[in-house]
Amino acid sequence: MDGDASAGPDTGQLLDRSAASASRWVLSGIVQGVGFRPFVYRLAHRYGLRGWVRNCTGRVEVVASGPPERLQAFARDLLARAPAIARPAIESVDAVSDLRLDDFRILASETGDDSDIHVPPDYFVCEDCLAELADRTDRRYRYPFINCTQCGPRYTLIRALPYDRSHTSMAGFPLCADCEREYTDSLDRRFHAEPVGCPVCGPQLLFRQSGREIRDSEMALAACVQALRDGRVVAVKGVGGYHLMCDAASSAALMHLRERKPRPHKPLALMCPDTPELAVLRDIALLSAEEEQLLRSPGRPIVLAPRRHSSRVAAGVAPGLGMVGLMLPYSPLHHLLLNAFGGALVATSANLSGEPVMTDEQSVEQRLGGVAQAFLHHNRPIVRPADDPVYRTIQGRPRPLRVGRGNAPLELRLPVELGRPVLAVGGHMKNTVCLAWGARAVVSPHIGDMGTARSLEVFEQLVTDLQSLYGVRAEVLVCDRHPGYATRRWARRQGLPCIEVQHHAAHAAALVGEQLGGSVASDCLVFTWDGVGYGGDGELWGGEALLGGPGRWHRVASMRPFRLPGAERAGREPWRSAVSLAWELGREAEARQIMTQALDRTDLAGDYDLLYQAWQRGLNMPNSSAVGRLFDAAAALTGVCRTASFEGQGPMWLEALAEQPASPVTLTLQAGPDGVLRSDWQALIEVMMETSRSVRERAALFHSTLAGVLVQQALAVRDRQGFDYVGLCGGVFQNRRLSEACVTGLQQQGIEVRLCERLPCNDAGLSFGQVMEYAFSG
């Protein structure tokens, strides 16, 4: 419901003007698309005030006249009783001349060129709308697009601000008489609810299967449910894009989905009915109180939770893993679908691997026609894509792995004012972009991996769209230094000043920048462990400890580097890292065996010799210090994963096996000629080759050893010079077992530890980190 405007005196009539004064308030923050104007209207009438409220570009302007004590109470309640999804801030208050009005009204919106725009995310369907959805006497009974001022799509349907219906994708749906009456009734919950509609005038469903087409929404929904029960894969259009959905208990449906997408091993998210007891969810996973709370949070994210072994869900949902990704329905269509189906559905993004989620009917049917066996469309246009956010609980707190629908665009405050508007274009994997101006930074939803033409197309669309939506034109571009990144090549073609930022410096700066109340003047030590990043010396870094702060990082610790056969191909072929480490240790027999097992061939003599000779000469063999590649090597050496079908498969499967406690191996730590401390992995890799130990023991030992290495490096740096705290950032720290072991070890040494809380620790946070580096680059 709207914010509580019922408190305060019930005047019943407007007061005598002779005792009145008048004030003007300008409010910024999240005040558009959240029912704020209707709330102000009702609050003013409750206090018997005259005046008006209107949307300006990015702000709400309120002018009210009445007795001073009532104006004071009104001003207090503008914040204290605002709608739950609003985030208002009073920017200014001015005295104005008394008004010649007899009432309080909502004026037409005013447009302008001010850039203080705050775009709301998409909201999950509220309890009031769900009650109407289930009420047979309500005219929106079972209407899949029910919404009000407190729920429904925002980011994915707003074309421009101010937030008026004419500026949304609902502009093509003229209101019927009943909806118009609600829209203009100040006492109605849908007063100025811009996406409002009903079965008479609003969007409708369309179902297609094998040449059959159903345009009646109720019949289309029933046909979709039947197709799912029959074991079909259905592409279902939602709020920010399409899902590929199928029965999570059907091994045959899962096999079809995985073979056709293709996605042989990558875990699939599940959507479960939202019941008071969460019975279906509890059958699938062991939910902690924190995870249950996160599932019900306003963003309605995908939450990773420990899977029950006795679950009725097919084993192929998340092969090799002890965790499963779960979410609750967040749109009325999803509620209707899940309630009718009565069980868990796979709900994975409708895309080709790594690409942005698809949003329109034509592209879905053309590009995914070989995957989906039926389609449930609707005719409400999606202006811009927004994939589902993903969270994992680490150290007892929710940590984002992906920002998206429901929590993006993500706004962060910069600790300094920028002289010029900046656009940071992020990295290559898990791409996001960040638009920043003044002291504001806006991080886009997840775009995807930048290896395809469609990814670049959506990237360019979103870059243009963000600048247009916020009324800001970037004057400087910031990108990663890696010469192979598509985002770097794009930035250098734009004809604007282009600043390059080192990959791991951006990781470290992102963590520092998101820490509310944190100082950027003092030194901190940030471990930036990931799979790959172009180093300051042309090597592929990924096991770095950086000391300092944004704009002034110094590399103080790392891992012993090794040659990486095939360079970045090693990310999908863990055997390459394992073979290289075996060669580094003079273990040629083991290297040959690893390659033979990985490629499932016995006639490797020529290929093996060529690769070994290239390794000896350093041909296409950049040095790497990446901890992510050490994880890959361990996964291959233990036989857990020699060839990966998705990024991070080996490390994820290795984590799932590392359940038992294990005493760490002690690694040597020495300073090199450059003064950088380096840990030598030799003793650890030798243990990984010991087949007399179980795979589970080796997996656990690998995690405990790396945690010990991190603590050892932190203590060595502390002995040299102090720092305020240690930060953990980079894709490796998505691993809960490793992260929590590192935190425990550091805290036992009296060291404060900080992890990302608002941004993902992976490459999705790079764009914000690039802005931070630019802001402090001098």
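Bear in mind that the values here come from a model prediction, so they are computed numbers and not experimental data.

Enquirer: Can you walk me through the overall build of the protein in this structure?
Expert: Per the secondary structure count, the protein includes 22 helices and 31 strands. Relative to its length of 778 residues, the protein is compact, with a C-alpha radius of gyration of 28 Å against a globular reference of 28 Å. C-alpha extents for the protein along the principal axes are approximately 95 × 60 × 50 Å. In the protein, once contacts between residues fewer than 6 apart in sequence are set aside, the share between residues at least 24 apart is 71%. Accessible area for the protein stands at about 28,600 Å²; split by element, carbon and sulfur atoms hold 48% of it. Once the 83 positive and 87 negative side-chain charges of the protein are each reduced to a mean point, those two points are 2 Å apart.

Enquirer: It is not clear to me how the environment of Gly484 should be interpreted in this structure. Could you clarify?
Expert: Here Gly484 is to be found in the loop between β21 (476-480) and α12 (486-492). Note on Gly484: relative accessible area 36%, which makes it partly exposed. For the pair formed by Gly484 and Ala506, sequence separation is 22 residues and the distance between their alpha carbons is 17 Å.

Enquirer: What is the right way to look at the pairing of strand β12 (residues 323-327) in this model?
Expert: Successive side chains on a regular strand alternate, one facing one side of the sheet and the next facing the other. The buried fraction of β12 is high, at 5 of 5 residues. The alternating pattern of β12 places Met323, Gly325 and Met327 on one face and Val324 and Leu326 on the opposite face, and all of these are buried.

Enquirer: Hey, could you run me through the environment of Arg190 in this one?
Expert: With respect to the helices, strands and loops of the structure, Arg190 is situated in the loop between α4 (177-184) and β6 (205-209). According to the relative accessible area criterion, Arg190 is buried, its value standing at 2%. With residues up to four places along the chain from it excluded, the contact list for Arg190 reads Cys129, Glu132, Arg140, Ile146, Asn147, Cys148, Thr149, Glu182, Tyr183 and Val196. There is a polar contact of 2.7 Å between the side chain of Arg190 and the backbone oxygen of Asn147.

Enquirer: Looking at this structure, I do not really get the pairing of strand β23 (residues 524-534). What am I missing?
Expert: In terms of burial, β23 is a largely internal element, 9 of the 11 residues being buried. Both β23 and strand β24 (residues 540-548) contribute to a ladder of 8 bridges, which runs antiparallel. Within β24, the residue paired with Tyr534 across the bridge is Leu540. Of the strand pairs in this sheet, β23 and strand β30 (residues 726-729) are connected by 4 bridges, and their pairing is parallel. Pairing of Thr528 across the sheet is with Cys729, part of β30.

Enquirer: Can you walk me through the sheet that holds strand β2 (residues 50-56) in this structure?
Expert: In a beta sheet, neighbouring strands are held together by backbone hydrogen bonds and run either parallel or antiparallel to one another. Reading across from one edge, β4-β1-β3-β2-β5 is the order of the 5 strands in this open sheet, with mixed pairing throughout. Both outer strands of the open sheet, β4 (87-96) and β5 (104-106), are each paired with one neighbouring strand and no more. Between one strand axis and the next, the sheet turns by 15 degrees as a mean value, whatever way the strands run. Taken together, the 7 bridges between strand β1 (residues 21-30) and strand β3 (residues 59-66) define a ladder with antiparallel strand orientation. Looking at the pairing, Arg24 lines up with Val63 of β3. Strand contacts of helix α1 (residues 36-46): β1, β2, β3, β4 and β5, with the helix running at about 175 degrees to β5, the strand carrying the most contacts. The sheet contacts of helix α2 (residues 68-80) involve β1, β3 and β4, and relative to β1 the element is tilted by about 5 degrees.

Enquirer: How do you make sense of the packing of aromatic side chains when you look at a structure like this?
Expert: Within the structure shown, the criterion is met by 16 aromatic pairs. Seen in terms of ring centroids, Trp437 and Tyr470 are 5.6 Å apart; in terms of plane orientation they differ by 55 degrees. Their pairing is tilted. Of the two residues, Trp437 is situated in strand β19 (residues 434-437) and Tyr470 in helix α11 (residues 453-470); the sequence distance between them amounts to 33 residues. Ring centres 6.2 Å apart and planes at 25 degrees place the aromatic pair Tyr608 and Tyr612 in the stacked group. Here Tyr612 and Tyr608 lie together in helix α16 (residues 605-617), a separation of 4 residues that amounts to about one turn. For the pair shown, Tyr608 and Tyr612 are each scored as buried. Grouping aromatic residues by their ring pairs yields a cluster made of Trp583, Tyr608, Tyr612 and Trp615. If you follow Arg300 out to its NZ or CZ, it ends over the ring of Phe124, 3.9 Å from the centre. Directly above the ring of Trp681 sits Arg560, whose terminal nitrogen or CZ lies 4.1 Å from the centroid.

Enquirer: What's the story with the nonpolar core in this structure? I'm lost.
Expert: General note: in soluble globular proteins, nonpolar side chains tend to be found buried as a group. Within the largest apolar cluster, 155 residues are counted, with the highest numbers of intra-cluster contacts made by Leu326, Leu525, Phe527, Leu728 and Phe768. Broken down by element, the residue count for this core peaks at 12 residues, all from helix α20 (residues 695-720). When sequence neighbours within four positions are dropped, the list of residues in contact with Leu728 reads Leu511, Phe527, Leu710, Phe733, Ser739, Cys742, Val743, Val753, Arg754, Leu755 and Cys756. Within the second largest apolar cluster, 42 residues are counted, among which are Ile146, Phe207, Met323 and Leu336.

Enquirer: Please explain the sheet that holds strand β7 (residues 212-214) as it appears in this structure.
Expert: Across the sheet, 11 strands lie side by side as β7-β6-β14-β8-β9-β13-β10-β12-β11-β15-β16; this open sheet has mixed pairing. In the strand order of this sheet, the two ends are held by β7 and β16 (397-402), each with one partner. Pairing of strand β11 (residues 302-306) with strand β15 (residues 390-394) involves 3 bridges; the strand directions are parallel. Bridging across to β15, Val303 finds its partner in Tyr391. Along the sheet, helix α21 (residues 736-748) contacts β11, β12 and β15; its crossing angle with β15, the most-contacted strand, is approximately 40 degrees.

Enquirer: I keep staring at the pattern of salt bridges and nothing clicks. Help me out?
Expert: Opposite charge on two side chains permits pairing when their charged atoms draw close. This model, assessed by the stated rule, comprises 48 salt bridges. Of the charged contacts in the structure, one is a salt bridge between Arg76 and Asp77, with a shortest N-O distance of 3.1 Å. Look at Asp77 and you get buried, because its relative accessible area is 2%. Overlapping salt bridges bring together Arg208, Glu213, Arg215, Glu361 and Glu365 as one network.

Enquirer: What should I look at first to understand a nonpolar patch on the surface in this one?
Expert: Judged by side-chain polarity, Leu79, Ile90 and Val93 come together as a nonpolar surface patch covering roughly 220 Å² of accessible area. Note on placement: Ile90 falls in strand β4. A relative accessible area of 31% places Ile90 in the partly exposed class.

Rules behind the numbers
Residues numbered from 1 in each chain as written. Predicted model: local features only at pLDDT ≥ 70, side-chain atom pairs only at ≥ 80, totals over all residues. Heavy atoms only, no water. Helix = DSSP H or I, 4+ residues; strand = E, 2+ residues; numbered from the N terminus. Rg over C-alpha atoms; globule rule 2.2 N^0.38 Å. Contact = heavy atoms within 4.5 Å. Areas by Shrake-Rupley, 256 points an atom, 1.4 Å probe, with all protein chains shown as cover. Lys, Arg positive; Asp, Glu negative; His and termini not counted. Charge placed at Lys NZ, Arg CZ, Asp CG, Glu CD. Buried < 20%, exposed > 50% of the residue type's maximum accessible area, 1.4 Å probe, protein only. Polar contact = N/O pair within 3.5 Å; in protein donor to acceptor, adjacent residues only side chain to side chain. Pairing = 2+ DSSP bridges. Axes fitted to C-alpha atoms, helices over the stretch in contact; angles between N-to-C directions. Phe/Tyr/Trp six-rings, centres within 6.5 Å; stacked < 30°, edge-to-face > 60°. Lys NZ or Arg CZ within 6 Å of the ring centre and 35° of its normal. Core = buried A, V, L, I, M, F, W, Y, C linked by side-chain atoms within 4.5 Å. Salt bridge = Lys/Arg side-chain N within 4 Å of Asp/Glu carboxyl O. Patch = residues over 30% accessible without salt bridge, like charges linked within 9 Å, V, L, I, M, F, W, Y side chains within 5 Å.

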